[in-house]
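Chains, contacts and geometry: an overview
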Number of protein chains: 2
Amino acid sequence: MKRLNRTAISLVVGCMGFAASAVWSADTLQDVLKERGLSQQDLLAAAKTYVPTGKRDEFVAFASGGQSGQVIVYAIPSMRILKYIGVFTPEPWQGYGFDESSKAVLKQGRIDGKDITWGDTHHPAISETNGEYDGQFLFINDKANPRLAVIDLRDFETKQIVVNPIFKSEHGGAFVTTNSEYVIEAAQYAAPLENKKFYPLEEFNEKYRGGITYWKFDRKEGRIDPAKSFSLELPPYSQDLSDAGKGASEGWSFTNSFCSERYVGGIEKGRPPYEAGCSAKDTDYMHVVNWKKAAELVAAGKAKKINGHDVLMMETAVKEGVLFLIPEPKSPHGVDVTPDGKHIIVAGKLDTHVSVYSFEKIQAAIKAGKFESKDPYGIPVIAMKDAVSTQVSLGLGPLHTQYDSKPCVAYTSLYVDSQVAKWNYCEGKVLDKVSVHYNIGHLMTMEGDSTKPAGKYLVALNKLAIDRFVPVGPLHPQNHQLIDISGDKMQLLYDMPLPLGEPHYAVAIDAKKLKPAVRYKLGTDSRTDKPHPAATKAGEERIVKKGNKVEVFGTLIRSHITPETIEVEVGDEVTINLTNLERAQDETHGFTVSTFNTHASVEPGKTVSVKFKADKEGVYPYYCTEFCSALHLEMQGYLLVKPKGWKPTKTGLAAQNYTEADYKATVKKVADTQVIIDSVVAYITSVNYKDFPEVVAMVEDAFDQLGKTKDIKAKHEAAAAKKDWENANLWAEQVWQYQVKTADLGLRAKTFLEQNGAKKVK
Amino acid sequence: MKRLNRTAISLVVGCMGFAASAVWSADTLQDVLKERGLSQQDLLAAAKTYVPTGKRDEFVAFASGGQSGQVIVYAIPSMRILKYIGVFTPEPWQGYGFDESSKAVLKQGRIDGKDITWGDTHHPAISETNGEYDGQFLFINDKANPRLAVIDLRDFETKQIVVNPIFKSEHGGAFVTTNSEYVIEAAQYAAPLENKKFYPLEEFNEKYRGGITYWKFDRKEGRIDPAKSFSLELPPYSQDLSDAGKGASEGWSFTNSFCSERYVGGIEKGRPPYEAGCSAKDTDYMHVVNWKKAAELVAAGKAKKINGHDVLMMETAVKEGVLFLIPEPKSPHGVDVTPDGKHIIVAGKLDTHVSVYSFEKIQAAIKAGKFESKDPYGIPVIAMKDAVSTQVSLGLGPLHTQYDSKPCVAYTSLYVDSQVAKWNYCEGKVLDKVSVHYNIGHLMTMEGDSTKPAGKYLVALNKLAIDRFVPVGPLHPQNHQLIDISGDKMQLLYDMPLPLGEPHYAVAIDAKKLKPAVRYKLGTDSRTDKPHPAATKAGEERIVKKGNKVEVFGTLIRSHITPETIEVEVGDEVTINLTNLERAQDETHGFTVSTFNTHASVEPGKTVSVKFKADKEGVYPYYCTEFCSALHLEMQGYLLVKPKGWKPTKTGLAAQNYTEADYKATVKKVADTQVIIDSVVAYITSVNYKDFPEVVAMVEDAFDQLGKTKDIKAKHEAAAAKKDWENANLWAEQVWQYQVKTADLGLRAKTFLEQNGAKKVK
């Protein structure tokens, strides 16, 4: 049992030893089916959803997280969750709410001067160009604290939060117009529009109001422009979901409502509860808005400023002919414009019908001035019979409708029946039904909100899972079920538990339309998309102290943090700026300082800042929180918080007592390792590696790493010349560390080439 | 187009209409394979991992979330994520950190008087009985802010957080002794043990220390008892992972280390970085501790109090013979005791070998007093040759070892090679290797840390995904790959992206061993497991105002919150206590008040409190945040914050103007609906529904709902007798609301019975 420096030798053995073994054992498919109790149908479903290693899913879904305040990204058909995006809730893995730039985003969401550290996300919307999903931006709302967020799909990060200036709750956002000119957000529970204004419930009809906000989106900036946004005052009808017109109905939008009874509950005082009073009438109102004209009216100065925000009052909207009502079946949820924009389908949750409204009929009634009445606020009401082209009885609790790529085919969720109905809205007939588990809320077809639905799959967003999964306590996951809609009959393919959050709605896009970056331009502030003022290049790291402010300009690279020691005095305000120097895909570093409640996720090229007051003396380790390399645990440093005026009594760190023999052994190890690297390089360059972009990136990264050894070699040779064996040995060791990273990449590339059929080249 | 009250009629049509359609289209398996580009091997892997709807997975894994500060629960073999458990990070979906009881748990984790709102969770451990996983509790550590949390697996909630009293970082927790007497937590980056004590790095060797904490677990209370816990002072060797002895080595524990060079970096000052200085020697030290004897010494008063905590100092530990060192291959990570407790396997990340240590040899050396030297702190060092039974060269970057159900078979992750090696530790030979994607950290076999590993599956916890999934920006998911280990050759089955967090380690248990509850005893505080002082039964709801303190004792049930109005004066301190009256599985309600940054998740039977200062006037809606029923949007209320001294000028809410005809129509709807309910009941009772526990629960719930109509019926009849048509109609409507809930459950039960082969009974 020798304690030799066997590392170098073993490195060789490791490389020459076992190749990857992909030989499968002899068990047959039949044995597996029998053992696992799978039917032929199950096998077919498995084959339709399984995505083998190295292959990609077809669609990407964005689901709201509900009370988690996040956005959930998952892949279809495998139903694997790819990412939770922090939106209204701090999320430390992403550093969201723990570094200064992301704190600033969350700070935009403060209400009445206070932090709101959660949200109730409901309805995501992908930005559109000509009514088709373009994969550039995602919008998501917060029902509880009326806010809207913008996520950039280049890096899947939240860039902006805007607070609704006049609402106290909003459920019906986000919905976009066909070129994302506006993001539509409707109020839910009525309240006075003036901020912090109290009126008693006895004045509900007079002083409480609903409304719709049209947020102006500046696509070039990738941000909402609050100054160019406006709202429409509406009656206190509990506005619910919206949809923007498209094609035939371009320039209009539709918003439904519930509790148009304007009922005020109070079960504790002996009154029937809201649920009884809000569902007592047979119909509620769909709001029909000419938003293009409304925007013109606002631009012409016809809006009133409320809380500093442009609000087009009902009186003006009615007078100018931009606002109409149409009865709709009671307590509706979805209001969904057909892909061609010619129809609007409304599902009345407490009715069994879906109603197909004709935009042409609506326009004819408006042009003819044919209204059956006015509502108590003077808004003209179009008769249902003058607006509806057909009604179809689908089942109990119809809720939300999505569209197929096949003409006239729609899918509607049935909450109480726990079913999805497939039906034809041109012919008004039911085509198929499938049971889901259980109590489906929304549903989603692929690109199903766009002018060109992609068909193929449907996801049922079931609100209850009950018995579907291994139990995990009283709080159950949700259950999103994947359904194949490519044939005549729907086929249930897959049950997907949602482990965090309660999605309300989701949208899915063709995965090929998403083109996110894998790195940032060196020194980017990812939340502003601009160069970070504290971006730092290799070799320019420094610590600047001014008064009681200490600012660190540092860098991160496999596997060290520069600087490795930060000395401050107690009471100092410390800002640590870190730039990730990596260029390689997936080479994220993290950063934290023990007990100072700060964390940063630093993807390749990004610069982040963390800031805290060093309000206690002591020794606080910091480290890279990502398992970024074999020596990630050694990617460490110390924050030393010294007492005020402390003076050192001892100088010099403990000697390591390395000898010339140690140095020579390390140098030999470096030479031996280089032989291995050369052999891997020889293999890689012997095949057509340039045909594999992934490998080209790995090779670039490998040479990045190896390139760093040159300067370091000079250092150990200089130290050796001075017989400084400690520094000579350790700098030589550092050369080897870079070699290990190079070998890591080289072997990864070699394995990839071997497994992906690389061919010999001359 | 009639606006009739067609609801009742349609309800009938809905029930009689389409049955669930499960007819599969005619496409064949071959077509699917061809279209999706799947091989026969892919199909076999799909068949081995697919879990059809209604069936359950075999194993449940608990993975740390890393920088997300959470625990991730997923199912094997489907690799579906079932739950994220909030541990060190507030998580609003679970109300964690937003209601008072969970805030109190997080508050236990405050350090130096400040909130720490995130953690870096690393190594979960399931509680053990006789060395086998018992599925009762889960322990998880926080590396960044040295803390440990206890999760109760009856409800998957975090119950306790303890702060390490002497460390500044700890990576190597949690590891349990064979009956969970202690939870082991080792320090990582050395620092002075005294709290807030500064010593310069020049005094690193003298004043900086590592250590191991043994947290005493009180199983009956389900909590750690800090007063009965103790630590062992250790040299500043960057202690890393641990494992407890078992069987032969019962009563002992093993902790490895890196950077036993005690190197202090400082690249910014021209010194080689930590990564070079910490990996310069060929070996580090395994710490061998007789924890049973150490506990006795502490009980005998031989510990020193540091920061009020019992610390057994090195000097005492050496003198009393409870602490030994053994060299181990450089920069090791895993230190893994074999199922029989006879061997300890150490993987040296920068060596290609795993070393198999023999507990018998170690004991022989200790008994014989045969030590090769003492370390600089006087700790006896056992020679490697006197402790190791064999060394096996596995490949580059061996990291962590897990065990199979087959004797002598182990699996070791190879970080640099991106492979898993299967090998025999008795015979010292490699059996198989498989490539993984990419850079595997830990790995996990089923119950692989216990005395009885279950074999069958292995999960590779890969640190990089790079190209495996549809891209989602610079921050990639991790990739956990499922490997079939049932045959001679390992087979890669499945790639699972981790959407949030960066798991370091995971443990998996047979799903059948987990027996979580589906509801709480009515009025339980889930964080203390005790009756909540503000638990409220139906009919006992009330609002109590004392001075400027308003306390609400409310309830939640489908679909109303009692009370529906809360009136306070500006400046009042408001506490809202809510009890979920539901008994049905998965009937969780949520609660929030607009813009007051509070949220509660209230599972069946639970009581929670939320508290805030009503520091602004105005009207603030509150609502149930869960989509709990068809009328969940109507589960609403208003917090009215009145100006001080405000007096009403208007009394009486707006009339709803319902007529006798409205009342009669509603009564007819109720009668019609009862016909449907009766028909569903007739079907259910015509089959053997009592053989299906899920259905029995649904039927109970349905009758719960229907039972509520009796009192309500009396109310509408009393109002009708007084010709109060508004109340008569609305209370009748409320009867119908309960009927809808009953029908919902009945139909769900009916579908279940139809799909699960219920049989006719006489």
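Parameters at a glance
- Numbers given to residues run from 1 along each chain, matching the order in which its sequence is written.
- Working convention: letters from A go to chains and numbers from 1 go to ligands, in the order in which they are written.
- Two thresholds apply to this predicted model, a pLDDT of at least 70 for residue-level local features and 80 or more for giving and counting side-chain atom pairs, whereas whole-chain, interface and lining totals are computed over all residues.
- The superposition of copies rests on a least-squares fit of C-alpha positions from residues with pLDDT of 70 or more in both.
- Working definition of a contact: two residues with C-beta atoms, positioned from the backbone, lying within 7 Å.
- Being paired, for any two strands, means DSSP has found at least two bridges between them.
- Runs of E in the DSSP output that reach at least two residues are strands. Runs of H or I that reach at least four are helices, and both are numbered from the N terminus.
- Lines are fitted to the C-alpha atoms to define the axes, a helix being fitted only along its stretch in contact, and any angle between axes, read from their N-to-C directions, falls within 0 to 180 degrees.
- A residue is called partly exposed when the number of other C-beta atoms within 10 Å of its own lies between 12 and 20, exposed at 12 or fewer, and buried at 20 or more, with C-beta atoms placed from the backbone.
- The scheme is simple: roughly parallel for angles under 35 degrees, roughly antiparallel for over 145, roughly perpendicular for 65 to 115, oblique for anything else.
- Following the grouping adopted for this structure description, the nonpolar residues are Ala, Val, Leu, Ile, Met, Phe, Trp, Tyr, Cys and Pro, the charged ones are Asp, Glu, Lys and Arg, and the polar ones are all others, Gly among them.
- In this document the domain limits rely on a domain assignment from an automatic tool or a database.

Before going further, it helps to examine the relation of the copies chain B and chain A. When chain B is fitted to chain A, the residual RMSD is 0.0 Å, and the transformation amounts to a turn of 180 degrees plus an axial shift of 0.0 Å. One copy is carried onto the other by what is essentially a two-fold rotation axis. Closest to the rotation axis within chain B is the C-alpha of B:A46, separated from it by 2.8 Å. In this assembly, 100% of the residues forming the interface of chain B have copies in chain A that are likewise at the interface, indicating an isologous arrangement.

Next up on the list: the sheet that holds strand β25 (residues 398-403) of chain A. Residues and elements named next belong to chain A. The strand order β25-β26-β27-β28 describes an open sheet built from four strands, whose pairing is antiparallel. Both outer strands of the open sheet, β25 and β28 (429-435), are each paired with one neighbouring strand and no more. Within this sheet the neighbouring strands show an average axis-to-axis angle of 25 degrees, counted without direction.

Cis geometry is found at the peptide bond from A:H437 to A:Y438, where omega equals -10 degrees. Tracing the backbone through its elements, the reader meets A:Y438 in the loop between β28 and β29 (440-446). The omega torsion of the bond from B:G173 to B:A174 falls at 5 degrees, within 30 degrees of zero and hence cis. Even without glycine at this site, A:K723 takes up a positive phi of about 55 degrees. Examined against the element boundaries, A:K723 turns out to sit in the loop between α12 (709-721) and α13 (725-755). Classification of A:K723 by C-beta neighbours within 10 Å gives exposed; the count is 9.

Relative orientation of the contacting elements helix α2 (residues 29-36) of chain A and helix α3 (residues 40-49) of chain B amounts to 10 degrees, with a least axis distance of 9 Å. Overall, the two elements α2(A) and α3(B) adopt an arrangement that is roughly parallel. Facing α2(A), whose interface residues are A:L29, A:V32 and A:L33, α3(B) presents B:L43, B:L44, B:A47 and B:K48. Within the contact of α2(A) with α3(B), the residues separate by chemical class into six nonpolar, no polar and one charged.

Quick look at α2(A) now. Across the eight residues that make up α2(A), only a small minority, zero, are buried. Phi turns positive, to about 65 degrees, at A:G37, one or two residues after α2(A).

A few words on the domain arrangement of chain A. Residues and elements named next belong to chain A. Domain assignment breaks chain A into domain 1 (59-265 + 277-513), domain 2 (524-642) and domain 3 (659-755). Computed from C-alpha atoms alone, the centre-to-centre distance between domain 2 and domain 3 is 26 Å. In this assembly, eight residues from domain 2 lie in contact with seven residues from domain 3. Across the side of domain 2 that touches domain 3, the residue classes break down as three nonpolar, three polar and two charged.

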